[in-house]
Amino acid sequence: MPSVAQPVDALHHGLRPTYRARGLENQSGANHCFLNVVIQALWNLQSFRKRLLQAPCHTHSHAASSYGALARPAGNDHCCYCALKSLFHEFAVSDRDVLPPDALRKALSLAYNAQGRFQSGDMEDATETIEVILGILHACSLSSSLAPSASPRAQCVHAEFIEEASRFGCHPLCLSHEVFGVEYVDVPRCTFCGATGEPTVTSAFTYGVYVTELLECREHLAGQVHSEGADSLGAMGLWQSIHLVPVTRRTLATERFLTRQPQTFLLSLAWPSSSPTREQLIQVLSMIQARLYMTEIFETSAETSVLYGLRGLVCYSGMHYVALFWCPSQRHWVLFDDTCVQEKEDWSSAARVLLSGLFVPTLVFYERVQADAALEESLEELAQQVCELEVVLVGSSLGAIAIVVVTRSQTLGTLVPLPSMDREETQTLPVQEDFLRSTRLSVDHRPTDAAEARRIREEGGFVTMGRVSGELAVSRALGDLLLKNSGLSCKPSVRAHDAKRDLALVLASDGLWDFAEEKEVAKVVVSCSRNGLDHVAHRLVQEAQRTGSMDNITCLVIFM
Ligand SMILES: [Zn+2]
Ligand SMILES: [Zn+2]
Ligand SMILES: [Zn+2]
């Protein structure tokens, strides 16, 4: 049976209908910003958001009955869990652009009343706050087993109970430990004789890194690299530096084995001073990488090591916190500054904002990258890079197109911005041997296409005589910058295609397709394949020229 191509717009595949970037209130004197960045972080991490939204609601003594997982939880002034869950519910369904964190703040202040922490108007540390909130969720999961019917509000935990619960493990893992719980074993080893000492196990929600050690290691590495005459420091990341800390500084080295890989790996950066220099900030920001492999930090085998992708940062400047998070559905960074929510196109513009405000990164969030999501993300990165190519073309009236094929085991994705000023349409065409069946995979982006014409109008342009602004007969291209505000887009169409039944993929420009039927092309490819003939692309070009094509022709045939 011939396979049916399933078009998948991979770039929009990750869209979460419940996601919307919202601000959080911080009235003058309330000092909510430390809490707001923690809420934004937890909401923006899919691994946490999904689980908390689906987690069961508490049944407090005054509540008449238990509630369904997605129902609005019963309000309870004293319960941090219920306050956070209720706020997440608002995030998911509210019409408002800005939400109040006051209920969670109130619940925290009540839980820590005796300690005098989180009291109204007080400023707190964001790293301690996220650890407290995760500790509360852990304590809630243990409250029924550790303190059954101890109080009518057994599920409303207070500070002493949270402290007590932190000494107990949770089985099965609670929400906090499932998402953030990292566990590793340190084994001291003498670098001279190789003898090992007593191993120590650490279980935590955050992985602490001293920035001073990090920068020293960087210096050390820079020296090494320099003396070796190589210029590869640029390739050295933050985390390779961490890995080298024990090796370069001590004769008693510690081998650190990772025993639990969390959904979200949270690094907490400890700075030597609360106001580091701009130079130090640049050094650390430039060391933060988009990808993190656990093998870069731990002695762990590559096969079992999970890939993590950078999701966001929590930063402070003076007495103020902001959060910066990647929005996978909109494919941009979002800077959360209390009520103010700003989109940032790419990492460098986001990092520039942090630098200009001398914002110090203190929490760095990495989330597990799933296999499908990894393909999607690499296509997004590719799209981003293709868009950045335009900068090279500034000032010229030239345009170009690109067709990109990414093959991945049995999945094939194509990234096809079409076409250019030269009208070089590039089409992809797999040939299935048994049925001589061809499937066209690419889309021509034409101003005459109704959907494209609508998009052009929505982006402030117009189509006349079948051309963008009456000039360009194609609606998407790289370059042609004068038409960029007139609806000419460089966004590619992305399509995933299962090619396991396909014989070949033909990529060619309009010089070929305008003169050769898809069926004819398929026939040439199949007969070449059956008769063991090579130079297939060349034969296709000759065939098109024989039938009258005077245009330039680009053709590539990829056998699967
Ligand atoms: Zn509750
Ligand atoms: Zn737990
Ligand atoms: Zn020794």
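These figures come from a predicted structure and were not determined experimentally.

Draft legend 1. Focus on the packing of helix α11 (residues 278-287) against helix α12 (residues 347-356). Viewed as axis vectors pointing N to C, α11 and α12 meet at an angle of 155 degrees, and their least axial separation amounts to 11 Å. Classified by the angle between their axes, α11 and α12 sit roughly antiparallel to one another. The way α11 lies across α12 gives a crossing that is right-handed. On α12, the residues touching R278, L281, I282 and L285 of α11 are W347, A351, L354 and L355. Residues belonging to the contact of α11 with α12 are distributed by class as follows: seven nonpolar, no polar and one charged.

Draft legend 2. Summary view of the packing of aromatic side chains. Per the stated rule, a full pass over the model turns up 14 aromatic pairs. Aromatic side chains W43 and F88 sit 5.0 Å apart centroid to centroid with 85 degrees between the ring planes, which places their arrangement in the edge-to-face category. Note that W43 is positioned in helix α2 (residues 33-44) and F88 in helix α4 (residues 80-93), a separation of 45 residues in sequence. Assigned by exposure class, W43 and F88 land together as buried.

Draft legend 3. Geometry of the confidence of the model for the protein. Looking at the protein as a whole, the pLDDT averages 76, with 71% of positions reaching at least 70. Least confident of the elements in the protein is strand β16 (residues 411-416), whose mean pLDDT is 27; most confident is α2, at 97. In this model, residues 243-250 is a region of pLDDT below 50 whose contacts with residues beyond four sequence positions or in other chains number 18 contacts.

Definitions and cut-offs
Residues numbered from 1 in each chain as written. Chains lettered and ligands numbered in written order. Predicted model: local features only at pLDDT ≥ 70, side-chain atom pairs only at ≥ 80, totals over all residues. Heavy atoms only, no water. Axes fitted to C-alpha atoms, helices over the stretch in contact; angles between N-to-C directions. Helix = DSSP H or I, 4+ residues; strand = E, 2+ residues; numbered from the N terminus. Parallel < 35°, antiparallel > 145°, perpendicular 65-115°, else oblique. Left-handed = near helix turned anticlockwise from the far one by under 90°. Contact = heavy atoms within 4.5 Å. Nonpolar A, V, L, I, M, F, W, Y, C, P; charged D, E, K, R; others polar. Phe/Tyr/Trp six-rings, centres within 6.5 Å; stacked < 30°, edge-to-face > 60°. Buried < 20%, exposed > 50% of the residue type's maximum accessible area, 1.4 Å probe, protein only. pLDDT = per-residue confidence, 0-100.

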